[in-house]
Amino acid sequence: MKFRLLPFKNIVNQPVRSFALIMMVMLLSMSMLGGTLITQSLRRGLNSLETRLGADVIVVPDEAASKKDLESILLDGVPGYFYMDRKYYDEIANKEGIRKISAQYYLASTKAGCCSMPIQIIGYDPDTDFTVTPWIKENGADRPGMYEIVAGYDINSDIGGTIRFFDRECKVVAKLDKTGTQLDNAVYTGYDTIKALIDASKENSFKFFSEQNPDDIVSSILIDVEDGYDIQSVVDDINVHEKKVQAVATKNMLSGVSDSLGGISDVTRILVVTLWILILIILIIYFSSMIHVRRKEFAILRVMGVSQKMMAKIVFMESIIISVVGAMAGMILTVIMIYPFSNLISQQTGLPFLTPSAGNVAVNVAVTFLVIVAAGTLTAAYEALSLSKTDAGLVLREGN
Amino acid sequence: MMRAENISKKYPRQTKNANYFFAVNPMSIEIHKGSVTEIIGRSGSGKTTLIHMLAGLITPSEGKVYFGDKDLYSLSDSELSKFRNQYFGVIPQGHTGLFSLTVYENVLLPSVLYKNMESKDEEYAMELLQMLEIDSLAGEYPKSLSGGEIRRMAIARALINRPEVIFADEPTGDLDDYNTEKVLKLFRKLADEGMSVVMVTHESEAKKYCDNIYRMDSGNIKPA
C-alpha cells in the first residue's frame, strides 16, 4: 500500500466516473486536433493544387463547356476526354507573353490491374513540360519511354512495377509527390505510348478512341505567362482571337474551390470553437458536481491527516492521468480517422485534401496535448482550491 | 494532556438578535491521559462541532486548543495535518469508507501518509481487523459491506497509528449489542493502556466504561 498510488486506485476502481471524464477529454482533443488538421489539410490541398497545376492559363476546347469539366477531373476524379486541333497549340505558342507552353492529352482507361475504378491517363511532352516533371519524386526517371509511365502518388504500384492498360503492360518509371487531389490517381506518359494505347484500345473494340491521334489533337494547353505580363490579358487575347477554344486563368478556375474551401474552413472553425466552449463548460460543470459528490471522500482523507497540499496532489494527479489518457486516445483516434480516409474526404467534399507533414502533425499533436493537459490541470487547481477552503469537519457534518 | 480554553463556534445565520448563531458557546474542557470521556446530549446540541474542534478539524471562532503545550490552531495546515495523523484517531459519524480501496487498504492508509509502509503496520492492521471480527472482509470493497462492518473498519482505521487520543462520533451507531459492547470494551482497554478517548454517543451502556461524562445542551457543556 502506497499513498502515491491512491490517484490510480481512484481512477481504476471508479470506472464509470473515470470513463465519463476520459470520454469528455477525448472529445475535446478530437475536436481540437481534428478541426485543426481538417482545416490545414484543406488549405494545404488548395495550395498544392495551385502550385501543382503549374500553369497560369489553361486552354481547353469549347466542348469542355466550362471549367467544371477540368475541375471534375482534378477534384472529383471523373476521367474525361475532350479534344481540340493541335493548330491551336502552334498559334498560341507564337503569342506575346508566353514563357512556356505545353500540351496534354487526356485518355480515360477502363479498369486497370492496379485500380478498382477507371483512371485518367494523361499524355504529355517531356520536352516542353513544366507541370509534371518538377513533381517527380527522387530516383524517378523524368522521361518515360515506350510503355513507361509516371504514376500519381496514390496509384498502387511502385517504381519498377507494371500496370495493364488495354491489354498492354506499362512499366512505372517514376512516381509523383502527393497533391491531395485526384491527380494522385492519374498516370502520365509520352505521346508514343498514348498512340500505342489508342491502337490497343481499337484492337480491344473501344471505339470511342478510334479517330483520336495526339499528333493531330490535344486536350489542354498549359501556359506559363512571362513575368511582367498580365495573365488576364493573355487569357483575353486567346479568347478573342482563337475560336472554338476557351482560355481560363488557373486562379479563376480554382476560385470556386477556394470559395467552397473558405466556407468549409469558416464552418469548421466555428464548429470547433463552439464545440470547445461547449465541452469546456460541460467539463467544468462535471468537475464541479464531482467536487460535490466527492466532498465527503476528501473530508475523510483530511480526517486521517491528509493536508491540503497532499489533497491537491491527489486531485492534480487524477486530472493529469485522465487528461493524458483522454488526450492521447482522442488524438490517436483523430489521426486514425483522418489519415486513412483523406482520399474519401477529398472525394466526398470535392475539395483538395492534403494532410500536413509528419512534423506539422507532431507540432499540432504537441499543442493539442499541452492545451488539453493544461485545461485538466486548471480544472484540478480550481477543484483543489475550492476544497481547501472548507473545514473537513463542516463537510462531514453536511452528510449527516 | 489536552485542553480547550474558551473555545466557541459560531456560524452565519439570521437569528432574532444577530447575524449568526453559536453552535458551541464559549467553554473550556480538559482531557486527561488514559481517560474515557463521554459527551451526551440531544441532536444539534453541538457535540460533533466540539469534538471536531478538539480534533483540529473545525477552526474555533474563538479560544485555543492545546495538546500539551502545542496550540493546534497556530500550526500551518501541513503541520496540523501531520500532527493529527500522528497523535489523533478520528472516527467520524456515518459511512466513511473510501470506495476505491479495500477494507485492508482503508485501514492501512493513515499509516502510509507520511512514511513507507512497514511490516508492523500490516501486522497491526490484521490484528485490528481480527479484534473487530472483520478480518474475513479484508479484501472486500466498502460498497459490499453493511453499515456495522463499515463502522468497525473506520474504528480500525482510526487506531492504526496508535494515536494518543481517539475522537469518536457515535462509534457504536450502526452496531448490534454484541459489537457495541466489544467496541466499548476495546476503548476502555486502550484507555487503560494510556490512550485517551473522547466519544459522542447516545449509548446508555457506555457510561460504565467512562471516566468523565459531559452533557451538552444548546451549545453549553456541563458535567452530567
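Just so you know, these numbers come straight off a predicted model, no measurement behind them.

Asks: Any chance you could explain the pattern of salt bridges here in plain terms?
Replies: Where charged atoms of side chains with opposite charge meet at close range, the side chains can pair. Residue and element names in this part refer to chain B. All told, the structure shown has 23 salt bridges over all chains when counted by the stated rule. Between Asp 121 and Lys 115 there is a salt bridge whose closest N-O contact spans 2.7 Å. On the basis of relative accessibility, which here comes to 3%, the residue Asp 121 falls in the buried class.

Asks: What is the right way to read the side chain of Arg17(A) from this model?
Replies: Structurally, Arg17(A) is set in helix H2 (residues 15-53). No salt bridge is formed by the buried Arg17(A); the nearest opposite charge belongs to Glu297(A), separated by 4.1 Å.

Asks: Explain the layout of surface pockets here, please?
Replies: Over the atoms, a rolled probe matching the size of one water molecule traces out where space is still vacant. Roughly 390 Å³ of internal volume is contained in the largest pocket. Taken together, 18 residues line the largest pocket, and the ones lying closest to its centre are Arg397(A), Ser43(B), Gly44(B), Ser45(B) and Thr48(B). Residue assignment for the lining of the largest pocket shows that the elements contributing at least two residues are strand E2 (20-31) and helix H1 (47-54) of chain B. Partitioned by chemical class, the residues of the lining of the largest pocket number three nonpolar, eleven polar and four charged. Roughly 320 Å³ of internal volume is contained in the second largest pocket. Considering the residues around the second largest pocket, the lining is formed by 18 residues, among which Phe3(A), Arg4(A), Met310(A), Lys313(A) and Leu113(B) are closest to the centre. Here the lining of the second largest pocket gets five residues from one element, more than from any other, and that element is helix H9 (residues 308-338) of chain A.

Asks: Just to check I follow, could you spell out the interface of chain B and chain A for this structure?
Replies: Interface size is often expressed as the accessible area that is lost when the parts come together. Listed per partner, the contact involves 35 residues of chain B and 28 residues of chain A. Overall, the association of chain B and chain A removes approximately 2600 Å² of surface from exposure, summing both partners, and the carbon and sulfur fraction of that is 61%. Of all residues in chain B, the largest losses of buried area upon contact with chain A belong to Leu57(B), Ser100(B) and Leu113(B), amounting jointly to 20% of the total for that side. Run the count over chain B and chain A and you get two salt bridges. Of the charged contacts, one joins Asp77(B) and Arg302(A) as a salt bridge, the two residues approaching to 2.8 Å between their closest N and O atoms. Here chain B and chain A share ten residue pairs in polar contact (both at pLDDT 80 or more) between them. Counting residues per element, the side of chain B that touches chain A draws most heavily on helix H2 (residues 77-87) of chain B, at six residues. Counted by class, the side of chain B that touches chain A contains 16 nonpolar, 13 polar and six charged residues.

Asks: Help me understand the domain arrangement of chain A, please; the structure alone is not making it clear to me.
Replies: Residues and elements named next belong to chain A. In terms of domains, chain A is made up of domain 1 (3-48 + 258-397) and domain 2 (76-249). Across the contact, nine residues belong to domain 1 and seven residues belong to domain 2. For the pair domain 1 and domain 2, the summed buried surface comes to about 680 Å²; carbon and sulfur atoms form 40% of the total. Run the count over domain 1 and domain 2 and you get zero salt bridges.

Asks: Before we go on, may I ask you to explain helix H5 (residues 191-203) of chain A in this structure?
Replies: Spacing of three or four residues puts side chains on the same side of an α-helix, whose turn is 3.6 residues. Residue and element names in this part refer to chain A. The terminal C-alpha atoms of H5, which comprises 13 residues, lie 18 Å apart, in line with the 18 Å expected from a rise of 1.5 Å per residue. Of all the positions in H5, only Tyr 191, Thr 193, Ile 194, Ala 196, Leu 197, Ile 198, Ala 200 and Ser 201 are classed as buried. Where H5 is buried, its residues touch strand E3 (98-108), strand E4 (120-124), strand E5 (148-151), strand E6 (162-165), strand E7 (168-175) and strand E8 (187-189).

Asks: Any chance you could explain the environment of Asn161(B) here in plain terms?
Replies: For Asn161(B), the location among the structural elements is in the loop between helix H5 (147-159) and strand E7 (165-169). Engagement of the side chain of Asn161(B) in a polar contact is seen with the backbone oxygen of Pro110(B), the distance being 3.1 Å.

What counts, and where the lines are drawn
Residues numbered from 1 in each chain as written. Chains lettered and ligands numbered in written order. Predicted model: local features only at pLDDT ≥ 70, side-chain atom pairs only at ≥ 80, totals over all residues. Heavy atoms only, no water. Salt bridge = Lys/Arg side-chain N within 4 Å of Asp/Glu carboxyl O. Buried < 20%, exposed > 50% of the residue type's maximum accessible area, 1.4 Å probe, protein only. Helix = DSSP H or I, 4+ residues; strand = E, 2+ residues; numbered from the N terminus. Lys, Arg positive; Asp, Glu negative; His and termini not counted. 1 Å grid on protein atoms, 1.4 Å probe; cavity = no way out; pocket = protein on both sides within 12 Å on 5 of 7 lines; lining within 4 Å. Points joined across faces, edges and corners; volume = space filled by probe spheres on them. Nonpolar A, V, L, I, M, F, W, Y, C, P; charged D, E, K, R; others polar. Contact = heavy atoms within 4.5 Å. Buried area = accessible area lost by both parts, 1.4 Å probe. Polar contact = N/O pair within 3.5 Å; in protein donor to acceptor, adjacent residues only side chain to side chain. Domains from an automatic or database assignment. Expected span 1.5 Å × (residues − 1).

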